[in-house]
Amino acid sequence: MATTSIFKNLPSNFTISEDKSHAVLSVPIEQSDNDDRSYKLIRLSNELEALLIHDANTDKSSASLDVNVGYFCDPESLSGLAHFCEHLLFMGTEKYPKENEYLDYLSQHNGNANAFTSTNDTNYHFGVGPEFLEGALDRFAQFFIAPLFDPNCVDREICAVDSENNKNLQLDGWRLYQLEKSLSNSKHPYSRFGTGNLETLKENPIKQGLNIRDELLKFHEKYYSANIMKLVVLGKESLDQLTQWVIEKFSAIKNKNVPIPTFDGHPLTENELLKQVFAKPVKDNRSLKIKFPFPDLSSLYRFMPERYLSHLIGHEGSGSLFTLLKKKGWVNSLGAYYQGDIGFGFFIVSIDLTESGLANYEDVVVHIFQYIEMLKQVGIQEWTYHEIKKIREISFRFREKYAPTGYTTNLSMMMQKPYPREWILSTSLIREFDSKLINELLDLLRHDNFVLRLSSQSFTGLDQKEKWYGTEYKVEPLSDKLIQALKNITTHSELKLPEINEFIPTDFETYKKEISTPAKRPDIIKDTQISRLWYKKDDTFWVPKANIYVLLNSPLAYATPLYHVKTRLYSELIKDALNEYLYNAQMAGVYYGISYRPQGLSLSISGYNDKLPVLLEKVVNKMKNLKVDPERFSLIKEKVQRSYKNFLLNSPSQHSEYYLDYLTIDRLWLNEEKLEALESIKYEDIEIFYAKLLDQLYIEILIHGNILKDNAIKISQKIEEILQPKALLPSQSIRSRSIMIPKGKKFTYQRDVFDSDNVNSAVEYYIQICDFKNRELRIRSNIMSKLAHEPCFDQLRTKEQLGYLVSSGLRLESGSTGLRIRVQSIKDTVHLENRIENFLYGLQKIIEDMSEQEYQTRVQALIDRKLEKPKNLSQETSRHWGQIKSGYYDFEQDVKDVEEIRKVSKQDLFEFYKKFISPDSPRHKKLSVHLRSQKLNKSNDIVNGEKKGDDEEVKSEELELELKGYNEIINDMVLWKSRMNLGPSATPIDDDIISKARVI
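If you're wondering where the values come from, they're calculated on a predicted model, not measured in any experiment.

S.K.: Looking at this model, I keep getting lost on the nonpolar core. Mind explaining?
M.R.: Nonpolar side chains in soluble globular proteins tend to end up buried together. If you look at the biggest cluster of nonpolar residues, it comprises 69 residues, and the most contacted ones within it are F84, Y124, F126, F140, F144, Y224 and F250. The greatest single-element share of this core, amounting to 6 residues, is contributed by helix α9 (residues 239-250). When residues of this core are assigned to domains, at least three map to each of domain 1 (14-251) and domain 2 (275-394 + 421-488). When sequence neighbours within four positions are dropped, the list of residues in contact with F140 reads A63, S64, L65, Y102, Y124, H125, F126, L231 and F250. I530, L552, V590 and L615 belong to the second largest nonpolar core, which has 62 residues in total.

Okay, structure coming up:
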């Protein structure tokens, strides 16, 4: 075959290899100054494009393959087929027919995998231990060469898709998104239901006389072609070795010369515009969204004109749209952004409304257009463009590494865009200014070119229901009053362009020097009765960034539900008061956060170190001198109140974890207790309370990054100087403790899911084992968790199809360690618990049948995971801070854990299983939480996830609906907790660890 025919679509900047197996991008790929990896971009003879990444220091290899086809390509009568294809590809290939071969291989070698289907992409990705990349690639490639689409797995994976859809049915994000789609242009695939369910993938095909597997094979044959696939592989191997593997393993994928799918028209046409949609959400949220139809802007990557609009319309500083609306008491948050896809796009303004904002929503819309009108009148400001450009350039220059799997996934999707290949790593950069392009987009933000969506539980008279999620809604034309106001739009005196951003950093000195061995932990460089300062100069990443974490320990913060709620309100009021001033800081890459914890208040300042001290001083001063605005207090109180009420509508799986937390931690206030406490709080109470809260503190600080030691001490002194607290007594700093389940006891707590419309139930099954400081048993628990993880998922989700959400793992609390298994399902919770216990019994055989080699392989995977290094400064900071705030200060925990792991033999683990994990063991300590769907309780007509027929009965072998007799039911949580013993509070792992850390 002639070379020109093999590489007939080859761009001019590619060079064909000598052996004609591939072509190579012949120009350098633009990289961040901070990126020490090397790259090579190739195109195989089948037109598959692959980006190869050599990272000599990585401790996790990864690959991602993106297929430029998604649910937009579903046949109209088979919604969810692309998603179903994604699911079934995992179920074995001709070369590797075992259905969980791929996932099992990854699990054995410190790996993981996932996939997702979107509008025009189906993405598959994995991570694995570096030594096992080739084996993972070989298994991965077969997905796209010779998948089995095993007939025996078809029904099970349809159930998996249906279960995934059930998980989303009561989630407002999914519901409102589908409503927008369903109300869009019906001739455009944007209007379709992309997830799929039992109806679309089983019931409807049967009615149509279609074999769903045959239709799936047709879909795969039509669209899964090498020429619309993009592959990214990251490993420790040389680029030449990675090239060879990709050629060997992926060249066999067929090139069917499939054109990239394109679609005529736009989701928003004249038929859909100038309408207002009123929708009722599940949770008590109030939102307003304006969508303007925009073109596909992907070809304008040099200019990114939409960034100019989103930067200004979404700004929250002085003179902004947000500031005006907030001043009127109408909004809680605002965002403006462009959302693009193949052939179309939207510009969206999204607002979280207050009650008053909802009542005045038409005025809110008018103000949005007043801001747009101001932008048109003042003209395009080139300095604003250059400010946005500069911030992005700084961000790219000092970009840090992150998880390899996330990196390869993002890049494989980015490669589907029309960027020049040499810019594939630098797609965030804006390169050229073109005021004409910005004006063209600004002209699209017209009063006759949008659709308005409002959502609130207060809406009545909603006369329609969306087909797939049942969302209640109604559609009306915009009011004549609003249309006239928009036609006669004028500017508003308070709406102005933002001022120059003074937080953009200019000092990038890192004081880099040769370091033979980076320090393993921070040192204590200041230690008094009032405060302790942990410090570590960055000696690994050498970026001009730093992180300052401050924990203001106060026994008042969580002493009662009332005090806890006041602490939350206080933190929310501080953030609200600082928002306008500090918005520019966040735009420039300098961030702050304030959160409330049982120990007190946690403050974090992070980003470019150039401006951090200024930002910190501003925040701490506001904390000390907050003046509570009565109007802002009322709005924030209402927002907090809604958050407590909305918590009741979280998923059953979230609630099962929540109630397990409540049952196993000595002091935890229930949501309803906090909601009751909130009712009586007045704005005056906060000013009185926070003075007491800050009056007596113990301050623990971590400063890590590009800050010199003397400056770190000055920062800590400034915090004390502003707050001026008295010292806490040592007895006031005792941390929370765990409830200890008696040996051999098995408890079950059952309650209904609060949301009566949620079809899902959930079980959280917890086996308590030991104190956290018992390293020997904690490590055995960790190994057991690792060995059980993949078999648990394979048995309970893949084979038994109990539900889409199946997870297992180690549960670590202050003073206790255990194993947990969580399942969310439409099946009865008693049945779920019995199947979990059946799996636990089966674990014995899994361990017995495991060869010594396989055991050692899986243990090594756990060791590799524990020895993974932080990928960036923030990850390292989080590790150190996690040890500090835990109270254990075990900075070398992973190294010590690995030493213990190496001592544990397979026989040791088997004895551990028999003693602690087997439900038959006299030492087995179990607590399970059941959240039961009211739908299931009322109808009692579901068998194995499907509705019974009229003449069908529930068979005992299908559902096990009786709890084992040894279970004790918890009827009163407080009474039960009061009868239990407590474990130890968290204390330093070694008695002398604090003294060793002092270098004062």
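Let's pick the thread back up.
S.K.: Help me out: how do you make sense of helix α28 (residues 873-886) in this one?
M.R.: With 14 residues, α28 should cover 20 Å at 1.5 Å per step; its first-to-last C-alpha distance of 20 Å lies within 8% of that length. Burial in α28 covers these residues: L873, E876, T877, H880, W881, Q883 and I884. The arc that holds every buried residue of α28, seen down its axis, measures 155°, which confines them to one face. For α28, the elements touching its buried residues are β17 (531-537), β18 (545-553), β20 (600-608), β21 (696-705) and α29 (893-901). At the N-terminal boundary of α28, the capping side chain belongs to N872, with an oxygen 3.2 Å from the backbone nitrogen of S874. Where α28 terminates, the next one or two residues include G887, which has phi positive at roughly 90°.

S.K.: I would appreciate a short explanation of the sheet that holds strand β11 (residues 331-341) in the present structure.
M.R.: Strand pairing in a sheet relies on backbone hydrogen bonds. The paired strands run either parallel or antiparallel. One open sheet holds the 7 strands; their spatial order is β11-β12-β10-β13-β9-β15-β14, and the pairing between them is mixed. Edge strands, defined here as strands with exactly one partner in the open sheet, are β11 and β14 (464-465). The pairing of strand β9 (residues 275-279) with strand β15 (residues 472-477) spans 5 bridges and is antiparallel. Each bridged residue has a counterpart across the sheet, and for F278 the counterpart in β15 is K474.

S.K.: Just checking my understanding: could you explain the pattern of salt bridges for this structure?
M.R.: It is possible for side chains bearing opposite charge to pair when their charged atoms get close. What the rule picks out here adds up to 70 salt bridges. With a shortest N-O distance of 3.3 Å, R532 and E700 are connected by a salt bridge. Placement of the pair is R532 in strand β17 and E700 in strand β21, with a sequence separation of 168 residues. Note on accessibility: R532 and E700 belong to one class, buried. The partner of R775 in a salt bridge is D897, with the nearest N and O atoms 2.7 Å apart. Highlighted residues: R775 in helix α25 (residues 775-799) and D897 in helix α29, separated in sequence by 122 residues. On the basis of relative accessible area, R775 is assigned to the buried category, the value being 14%. Within this structure, R775, R778, K866, D890, K896, D897 and D990 form a network of salt bridges that share partners.

What counts and what doesn't
- Residues numbered from 1 in each chain as written.
- Predicted model: local features only at pLDDT ≥ 70, side-chain atom pairs only at ≥ 80, totals over all residues.
- Heavy atoms only, no water.
- Core = buried A, V, L, I, M, F, W, Y, C linked by side-chain atoms within 4.5 Å.
- Buried < 20%, exposed > 50% of the residue type's maximum accessible area, 1.4 Å probe, protein only.
- Helix = DSSP H or I, 4+ residues; strand = E, 2+ residues; numbered from the N terminus.
- Domains from an automatic or database assignment.
- Contact = heavy atoms within 4.5 Å.
- Expected span 1.5 Å × (residues − 1).
- Arc of directions from axis to C-beta.
- Polar contact = N/O pair within 3.5 Å; in protein donor to acceptor, adjacent residues only side chain to side chain.
- Pairing = 2+ DSSP bridges.
- Salt bridge = Lys/Arg side-chain N within 4 Å of Asp/Glu carboxyl O.

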